[in-house]
Amino acid sequence: MKIFFDLDCTLINSKMRLYSLFQELVSASNLSFDEYWNLKKKSINHAIILREKFYFDDNSIYNFDNYWLQLIETDRFLKLDTPIHGTGEFLLTLKEKGFELFVVTARQDKVKAIKQIEDFGWLGIFNEILVTERKKSKLELMHKVLKGSKKGWMIGDTGKDIQAGKKLSLKTAAVLTGFLNKKVLISYTPDLILDDVTNFKI
């Protein structure tokens, strides 16, 4: 059986990276870490935050988005990421049970994504690292790996992760360590909602 894992905020805690970049790009922001993430967990996107709290116009939001993409995967921000506690041991246990494990991430830079996973000591655990590189969707990448099979799981922290898994007839699990709170995640009707990825049992 194949199990697909989102990377950011599912296997790793990337919240400080995202918050720190937001603060750097929005000089007027006095949002605390918790305030920023409380907004994000309610599914309030950057465009709404920037327009309603900081009075950005469309051009300023466009510039923000461009700078965000340019900087979010630079080394100085990536170094702020840390593994979700216990993830390495959890993944090894699944591997030893014979499951095929895959990372599927919307990162832009495949080389840096692989390097980070290697730095955490996880590279040999995964059968393949699937990276969209802003060229393909997670759905496309998973579909190619599944080769028509409908047995497996998709585990992630966003509605898009759950939707992609459902379109491929996979079972889905949503984690509470990322972008959305439990109320929002329930609306996507995943099969499971987990405090964190290590609570997944199969």
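Keep in mind the model is a prediction, meaning the values are calculated, not measured.

(A) Seen up close, the pattern of salt bridges. Inspection of every chain in the model, using the stated rule, returns 11 salt bridges. Among the salt bridges present, the one from Arg51 reaches Asp58, with a minimum N-O distance of 2.9 Å. When the shortest N-O distance is used, the salt bridge between Asp119 and Lys115 registers 3.0 Å. Of this pair, Asp119 and Lys115 both sit in helix α7 (residues 110-119), 4 residues apart, which is roughly one turn of that helix. Assessed through its relative accessible area of 52%, Asp119 is described here as exposed.

(B) Focus on the packing of helix α8 (residues 138-146) against helix α9 (residues 159-167). One can describe the packing of α8 onto α9 by two numbers: an axis separation of 10 Å at closest approach and a directional angle of 35°. Helix-helix and strand crossings are classified by hand; for α8 and α9 the assignment is right-handed. Mapping the contact onto sequence places Lys138, Leu139 and Met142 in α8 and Asp161, Ala164, Gly165 and Lys167 in α9. Grouping the amino acids of the contact of α8 with α9 by side-chain chemistry returns 3 nonpolar, 1 polar and 3 charged.

(C) Structural detail: the layout of surface pockets. Space inside the largest pocket adds up to approximately 1,300 Å³. What lines the largest pocket is a set of 38 residues, and nearest its centre among them are Lys40, Ala106, Thr158, Lys160 and Phe179. Counting residues per element, the ones that place at least two in the lining of the largest pocket are α1 (15-25), α2 (33-41), α3 (46-54), α4 (58-71), α8 and α9. The greatest single-element share of the lining of the largest pocket, amounting to 5 residues, is contributed by α9. Looking at the lining of the largest pocket, its residues break down into 14 nonpolar, 11 polar and 13 charged. In this structure, the second largest pocket occupies an estimated 230 Å³ of space. Counting only elements with at least two residues in the lining of the second largest pocket, the list comes to β5 (128-131) and α8. Class assignment for the residues of the lining of the second largest pocket results in 5 nonpolar, 1 polar and 7 charged.

Thresholds applied
Residues numbered from 1 in each chain as written. Predicted model: local features only at pLDDT ≥ 70, side-chain atom pairs only at ≥ 80, totals over all residues. Heavy atoms only, no water. Salt bridge = Lys/Arg side-chain N within 4 Å of Asp/Glu carboxyl O. Helix = DSSP H or I, 4+ residues; strand = E, 2+ residues; numbered from the N terminus. Buried < 20%, exposed > 50% of the residue type's maximum accessible area, 1.4 Å probe, protein only. Axes fitted to C-alpha atoms, helices over the stretch in contact; angles between N-to-C directions. Left-handed = near helix turned anticlockwise from the far one by under 90°. Contact = heavy atoms within 4.5 Å. Nonpolar A, V, L, I, M, F, W, Y, C, P; charged D, E, K, R; others polar. 1 Å grid on protein atoms, 1.4 Å probe; cavity = no way out; pocket = protein on both sides within 12 Å on 5 of 7 lines; lining within 4 Å. Points joined across faces, edges and corners; volume = space filled by probe spheres on them.

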